[in-house]
Amino acid sequence: MDEALLKELTEAISRLGYDVGYHHHSEIGWVSSAYNDLMERAAAHDVEEILREHYLQGKLRGAESRRHEYLAPGTVATPAQTPLTVVTRLPPAYRMVEPPAVTSAPQSIDRPKMVDRPKALDGFTLTR
C-alpha cells in the first residue's frame, strides 16, 4: 500500500473520530456512511484494523479535548472568585405577623368570567 494513501486514510478517519468524540455525534447516519466509505477503501489494502484504532483514538482525543476545554482554568469560576451572597433570615415570629400586603392576593387577578351569572338566565329582552 502506498504510504501517502495510508496517511490520508488515517488522517481522515482520525478527524472523523475526533468530530464524533468532540461534538457527540450519533454514529448513525452521515457518520456511519463516512466511516463505511473509509473502511471500504481500507479493505482493498487490508488495513481496516489500523483505521479502526485511529478512529477510536480520535474519538477519545475529541472527548478529552471537549472535557478539558470546559474545565480549563479561567473559563469556570473558582470558589475564590465567586462572591458569597449573604442571606439574612428573619426570626420565625416576624414571619408569622407579616404585613397583609405580603400575604394577600395580588391586585392583578381579575374575577374570571365563568363565575358570572349566565345571560341566558336573565330572560328575553324586548327590542324595539
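This one's a predicted model, so the numbers in the text were calculated from it and none came from an experiment.

Calculation notes
Residues numbered from 1 in each chain as written. Predicted model: local features only at pLDDT ≥ 70, side-chain atom pairs only at ≥ 80, totals over all residues. Heavy atoms only, no water. Helix = DSSP H or I, 4+ residues; strand = E, 2+ residues; numbered from the N terminus. Buried < 20%, exposed > 50% of the residue type's maximum accessible area, 1.4 Å probe, protein only. Areas by Shrake-Rupley, 256 points an atom, 1.4 Å probe, with all protein chains shown as cover. Phe/Tyr/Trp six-rings, centres within 6.5 Å; stacked < 30°, edge-to-face > 60°. Lys NZ or Arg CZ within 6 Å of the ring centre and 35° of its normal.

A. View of the overall build of the chain. The number of helices and strands found in the chain is five helices and zero strands. Along its sequence from the N terminus, the chain presents helices and strands in the succession α-α-α-α-α. Within the chain, the proportion of its 128 residues that are buried is 16%. Just so you have it, the chain exposes about 10900 Å², and 59% of that area is on carbon and sulfur atoms.

B. Summary view of the side chain of Ser-14. Note that Ser-14 resides in helix H1 (residues 3-23). Note on Ser-14: relative accessible area 12%, which makes it buried.

C. Structural detail: the packing of aromatic side chains. This model, assessed by the stated rule, comprises two aromatic pairs. Judged by centre distance (6.0 Å) and plane angle (10°), the rings of Tyr-18 and Tyr-22 are stacked. On the criterion of helical spacing, the pair formed by Tyr-18 and Tyr-22 is a turn pair, its members being four residues apart in helix H1. Of the residues examined, Tyr-22 reaches a relative accessible area of 13% and is grouped as buried. Taking the ring centre of Tyr-22 as reference, the NZ or CZ of Arg-66 above it sits at 5.8 Å.

Read these as layout, nothing more, since geometry by itself doesn't imply function.
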